[in-house]
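One-letter residues, chain by chain:
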Amino acid sequence: MKLSVRQTNFIRISVEVMVILSVISILVYFSANQSRSEVRDYNYNWTVMQDGVSTKNVVLSEYKFPHIMNEGDAIILHNTVPAGTNNRLSISLLVYLSTVDVYVDNIKIYSYGSDLLAEGKMVGSGYHFIPLPDNAVGKDLKIVICAREDNAFSSIPALEIMPTQSVISSFAREYMGVLFISLFLVGLGIILMLNSLLGLLFRTRTRRMVWLGAFSFLIGIWSMGTTKTLQIFSTDLALNTMLEYLSLYLAIIPLLIQMYSLRHDSELWKRVLLWICVFASVLHVVIVSILHFTNTAHYCKTLGAFHVIMVVSLIIIIIAAWKPLKDMNASDQVLNIGFFALFATGGVDLIRFFVQKYLLANDQNLSHSILPLGALIFIIFLIMSYLFYVYNGILEEENRRTLTRLAYHDTLTGLYNRTKYAELLDELSAGEDEYVIVNLDVNGLKKVNDAHGHSQGDLLLKTFANNLEEVFRNSEHLIRLGGDEFCVIAKGVERSSIEHSMLKLNRLNRDASKKLPFQVTAAYGVAESKEVTGNDAEDVSRLADRRMYDMKTKMKAQTNL
């Protein structure tokens, strides 16, 4: 099925916009000052108090937690505010699911999460950019971090200190790469979903890409949430964290539906398994959302259940997508490469998550997820696979139309053939509409073939067929019954209109005869359905035949045909 002009233009404009945005983002990335010389490490000489035990001269990135921080556990950090420039300074602190209180000489200068905790809401995760007072240099700094959910965190990333005016720009430069990928996924998702809506309106194959677009959009949002780059757009840590979990929980649903749409012709049990996974994923999102918004159990507490659903779903996707290599077309092969990239990065990322959380909490190299990159690779390959799928579908549709045309059309003239004529008579007999049948017989075909050759005989038939199409261009059906016999079937027209058309046909035939070495003439007979009883189209056709042969006889009597 071909795309409409409007949709083709929309796709072209969307691609151009994405290319322009990508080029601008890359130029901004490389033109930005990549140096973070204004940022200083604030990782050393800390005193850490946890579970009543005080440890001095601690390097925070190397500090070993005795256990994972659970709800109600607190850790207190002490240090001295270092000397800085003449600019005001701020501290950058990454904390997960915890309230934070900061004191300078026992005077509270920053507090986060107490109001949310009082309302029973989830305390968010993210970077805290804590501005220090002008006179804070050399004074005692105390940071109190209290976990408000179980399994909140098991390490403290290195703190940084920087001029306050450089906080956002420094943060953006540090995460420019992952931010670019995330925004690309979000933008691509929006374009695919809008394009799919147009596909729904114009009934093209691209309407199925709405699920691919939704998956891309959700993974992009989750990527910004897990890397905390959402803070560039929103400073509400609770909202950002909620979006991080919700987008992750939702992302598996369009992926499963997209897989079903690509494998809708597979075995029933595979389709049932996919729909069971979709139902389980939707049910999970509904239940955990109710629990979250009623403050019974926040999203972060249901992550384990999602991991189970995700692993089972991915296994089922592999089973549903599997085909013997010999049965795979180009679309299947590209799709499988994309799935391999997604599953490989997803599996590695899941292992990374558990290793960092429970085994190597202080290894900051494990803090960066590779799943957004895997998702981007997967989406690119899935789009390629879908384009192959659409192309193959269009090719099959064209082949079907070609076969239909060969089955129902005369190869010489392009008009309908006798097979179609028989079907039309059955339809007319079964219907109640009034109609007119005109049977025509071209004169002199045998003489033209004998005198000028069969190529000229073919020219005679094609010339007559073209004139017939010119006259009856608004008619429903023009038919070549075979040899020199033709037929016109028209619904809802008066006999007088048909007679007027025949006069025009005779005039066109005379004009054509002046340019050819033979005459183009035909005998015809007209019959209306109301002239016979029982609405039998065969009877109407026979009546038109009799009248056509009567004319043929008269014409033979007048000329030597």
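Residues numbered from 1 in each chain as written. Predicted model: local features only at pLDDT ≥ 70, side-chain atom pairs only at ≥ 80, totals over all residues. Heavy atoms only, no water.

With that settled, the discussion passes to the packing of helix H11 (residues 418–430) against helix H15 (residues 537–558). Running from N to C, H11 and H15 cross one another at 120°; their axes reach a closest spacing of 8 Å. Facing H11, whose interface residues are Tyr421, Leu425, Leu428 and Ser429, H15 presents Ala537, Glu538 and Ser541. Grouping the amino acids of the contact of H11 with H15 by side-chain chemistry returns four nonpolar, two polar and one charged. (Axes fitted to C-alpha atoms, helices over the stretch in contact; angles between N-to-C directions. Helix = DSSP H or I, 4+ residues; strand = E, 2+ residues; numbered from the N terminus. Contact = heavy atoms within 4.5 Å. Nonpolar A, V, L, I, M, F, W, Y, C, P; charged D, E, K, R; others polar.)

The contact between helix H12 (residues 445–452) and helix H13 (residues 454–471) brings their axes to 7 Å, and the two run at 145°. Note that H12 runs across H13; the crossing there is right-handed. Residues Leu445, Val448, Asn449 and His452 of H12 form the contact with H13, whose own contacting residues are His454, Gln456, Gly457, Leu460 and Leu461. Residue classes in the contact of H12 with H13 are distributed as four nonpolar, five polar and no charged. (Left-handed = near helix turned anticlockwise from the far one by under 90°.)

By the definition in use, this model includes 17 salt bridges. Residues Lys108 and Asp101 are paired through a salt bridge, measuring 3.5 Å at the closest nitrogen-oxygen approach. Note on Lys108: relative accessible area 44%, which makes it partly exposed. For Asp101, a relative accessible area of 12% translates into the label buried. Of the charged contacts in the structure, one is a salt bridge between Glu485 and Arg418, with a shortest N-O distance of 3.9 Å. Of the two residues, Glu485 is situated in strand E13 (residues 485–491) and Arg418 in helix H11; the sequence distance between them amounts to 67 residues. For Glu485, a relative accessible area of 24% gives the class partly exposed. For Arg418, a relative accessible area of 43% corresponds to the partly exposed category. Overlapping salt bridges, with partners in common, bring together Arg495, Glu499, Glu528, Lys530, Glu531 and Arg547 in one network. (Salt bridge = Lys/Arg side-chain N within 4 Å of Asp/Glu carboxyl O. Buried < 20%, exposed > 50% of the residue type's maximum accessible area, 1.4 Å probe, protein only.)

Using the criterion set out here, one finds eleven aromatic pairs in the structure. Aromatic side chains Tyr245 and Tyr249 sit 6.3 Å apart centroid to centroid with 55° between the ring planes, which places their arrangement in the tilted category. On the criterion of helical spacing, the pair formed by Tyr245 and Tyr249 is a turn pair, its members being four residues apart in helix H6 (residues 237–262). Overall, the relative accessible area of 0% leaves Tyr249 in the buried class. Three or more aromatic residues joined by ring pairs form one cluster here, namely Tyr245, Tyr249, Phe293, Tyr299 and Phe306. Stacked on the ring of Tyr408, the Lys or Arg Lys420 has its end atom at 5.2 Å from the ring centre. (Phe/Tyr/Trp six-rings, centres within 6.5 Å; stacked < 30°, edge-to-face > 60°. Lys NZ or Arg CZ within 6 Å of the ring centre and 35° of its normal.)

Let's shift gears to the sheet that holds E13. Reading across the sheet, the four strands line up as E12-E13-E11-E14 and stay open at both edges, with antiparallel pairing between neighbours. Where the open sheet ends on each side, the last strands, each with one partner, are strand E12 (477–482) and strand E14 (522–528). Direction aside, neighbouring strands of the sheet carry axes that sit 20° apart on average. Note that strand E11 (residues 435–442) and E14 share seven bridges and pair antiparallel. For Leu440, the partnering residue across the bridge sits in E14 and is Tyr524. Of the strands in this sheet, E11, E13 and E14 are in contact with H15, which crosses E14 at around 145°. (Pairing = 2+ DSSP bridges.)

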